[in-house]
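In case you want the letters, here they are:
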Amino acid sequence: MSSPSSPEPTPTSDPALYPSRPATAADLAQIEALHDAVFGPGALTRTAYRVREGQPRLTPQCRVLFRDGALVAAIRFTAIRIGGIGGALMLGPLGVAGAHANQGHGRRLIAEGLAAATEAGVAAVLLVGDPAYYARFGFRPVPPGRIEMPGPVDPRRLLLAELVAGAGAGLSGRVSGGA
Ligand SMILES: CC(C)(COP(=O)(O)OP(=O)(O)OC[C@H]1O[C@@H](n2cnc3c(N)ncnc32)[C@H](O)[C@@H]1OP(=O)(O)O)[C@@H](O)C(=O)NCCC(=O)NCCS
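Cut-offs applied
Residues numbered from 1 in each chain as written. Predicted model: local features only at pLDDT ≥ 70, side-chain atom pairs only at ≥ 80, totals over all residues. Helix = DSSP H or I, 4+ residues; strand = E, 2+ residues; numbered from the N terminus. Rg over C-alpha atoms; globule rule 2.2 N^0.38 Å. Buried ≥ 20, exposed ≤ 12 C-beta atoms within 10 Å, placed from the backbone. Pairing = 2+ DSSP bridges. Expected span 1.5 Å × (residues − 1). Core = buried A, V, L, I, M, F, W, Y, C linked by C-beta atoms within 7 Å. Contact = placed C-beta atoms within 7 Å. Near = placed C-beta within 6 Å. Nonpolar A, V, L, I, M, F, W, Y, C, P; charged D, E, K, R; others polar.

Let's talk about the overall build of the protein
Consideration 1: Secondary structure assignment for the protein yields 4 helices and 9 strands.
Consideration 2: Reading the protein from its N terminus to its C terminus gives the helix and strand order β-α-α-β-β-β-α-β-α-β-β-β-β.
Consideration 3: For a compact globule of 179 residues, the expected C-alpha radius of gyration is about 16 Å, and the protein comes in at 16 Å, within 12% of that figure.
Consideration 4: Across its three principal directions, the C-alpha atoms of the protein cover 45 × 45 × 35 Å.

Set out below in structure tokens:
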């Protein structure tokens with residue numbers, strides 16, 4: 001129930017108007033162009049990109065979302081090891097074209113990607129992002145010092161979601177790309 005002073009609830013992304021599917025190699029150029037447009041040229045220097053360097057550009061959980069055949073949102077996941085233990089993913093980048101932002105597409109791609117990861121038996125998903133946005137999906141700040149990224153990261157933005165209950169407790173150490 002919303003009162004006159006409360007903000008409008010964010011709309012829900014309609015799969016009939018905005019179909020989504022797993023990303024394929026043929027989508028990669030468009031995905032990268034979208035992410036470059038949304039994040040700008042500085043993004044490649046971010047610590048999260050260091051983890052992705054040298055890793056396959058697609059995992060089965062990467063997804064794309066279209067409107068009238070044009071790509072409007074894309075989410076990527078990369079297989080990672082934490083302290084040498086595999087079975088986790090790093091989420092990102094997630095980008096939604098500006099004209100389509102705040103219409104629920106980001107939330108939908110995250111939910112779909114996490115559902116695919118759960119189905120695949122992924123234990124946990126790590127990301128660097130806004131805690132307020134990602135909390136709704138079960139992402140919580142990593143206890144300080146527990147997980148180490150290969151470069152500087154604001155510890156308040158290093159977030160982990162357990163897809164297997166209790167998986168986070170067994171994860172500590174340095175993050176590297178790899179299954
Ligand atoms: C951030 C982003 C992925 C969100 O996806 P989206 O489809 O626009 O957003 P959704 O409709 O799923 O969710 C809307 C919610 O996200 C919040 N939101 C939008 N942009 C945000 C941002 N840059 N940072 C944090 N939260 C943001 C909205 O306030 C809204 O919150 P509410 O649900 O509590 O009302 C997308 O807007 C985007 O790609 N932005 C440009 C890149 C960017 O700024 N990324 C920041 C994270 S690295």
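Points about the pairing of strand β3 (residues 70-82)
Consideration 1: When you tally the buried positions in β3, you get 10 out of 13 residues, the bulk of the element.
Consideration 2: Pairing between strand β2 (residues 63-67) and β3: 5 bridges, direction antiparallel. The partner of Arg67 across the bridge, within β3, is Ala70.
Consideration 3: As paired elements, β3 and strand β4 (residues 85-96) share 8 bridges and run antiparallel to each other. Looking across to β4, one finds that Phe77 is bridged to Leu91.
Consideration 4: Connecting β3 to the antiparallel partner β4 that follows it, the hairpin turn spans 2 residues, and Gly83 within it adopts a positive phi of roughly 55 degrees.
Consideration 5: In terms of strand pairing, β3 meets strand β9 (residues 173-177) through 3 bridges, oriented antiparallel. Bridge pairing in β9 links Arg81 to Ser176.

With respect to helix α1 (residues 28-39)
Consideration 1: An ideal rise of 1.5 Å per residue puts 16 Å on 12 residues; α1 measures up with 16 Å between its terminal C-alpha atoms.
Consideration 2: Gly40, located one to two residues past α1, shows a positive phi value of around 85 degrees.

Overview of the nonpolar core
Where a protein is soluble and globular, its nonpolar side chains tend to be buried together.
Consideration 1: Ile80, Ala88, Leu89, Met90, Ala124, Val125 and Leu126 are the most contacted members of the largest nonpolar core, which has 44 residues in total.
Consideration 2: Of all elements in the fold, only α1, α2 (47-52), β2, β3, β4, α3 (105-119), β5 (124-128) and β8 (158-162) reach the threshold of two or more residues within this core.
Consideration 3: In terms of residue count, β3 provides more of this core than any other element does, 8 residues in total.
Consideration 4: Excluding anything up to four places from it in sequence, Ala124 contacts Ala88, Leu160, Ala161, Glu162, Leu163, Ala167, Gly168 and Leu171.

Focus on the site of the ligand
Consideration 1: The full set close to the ligand counts 16 residues, and Val96, Ala101, Gly106, Arg107 and Asp130 are the nearest of them.
Consideration 2: Per-class residue counts for the shell around the ligand are 6 nonpolar, 8 polar and 2 charged.

Focus on unusual backbone geometry
Consideration 1: Note that the residue after Gly92, namely Pro93, is joined by a cis bond; omega there is -5 degrees.
Consideration 2: As for its position among the elements, Pro93 is in strand β4.
Consideration 3: Of note in the backbone geometry, Asp68 takes a positive phi value of approximately 50 degrees without being a glycine.
Consideration 4: By the element assignment, Asp68 lies in the loop between β2 and β3.
Consideration 5: On the basis of neighbour counts, which here come to 7 C-beta atoms within 10 Å, the residue Asp68 falls in the exposed class.
Consideration 6: The residue Asn102 is not glycine, and still its phi comes out positive at about 60 degrees.
Consideration 7: Within the element layout of this structure, Asn102 appears in the loop between β4 and α3.
Consideration 8: Since 12 C-beta atoms lie within 10 Å of it, Asn102 is described here as exposed.

Focus on the environment of Arg76
Consideration 1: Tracing the chain through its elements places Arg76 in strand β3.
Consideration 2: In this structure Arg76 comes out as buried when scored by C-beta crowding, with 26 C-beta atoms within 10 Å.
Consideration 3: Expressed as a C-alpha distance, the spacing of Arg76 and Cys62, which sit 14 residues apart in the sequence, is 4.4 Å.
Consideration 4: Non-local contacts of Arg76, meaning those with residues more than four positions away in its chain, are made with Cys62, Gly92 and Pro93.

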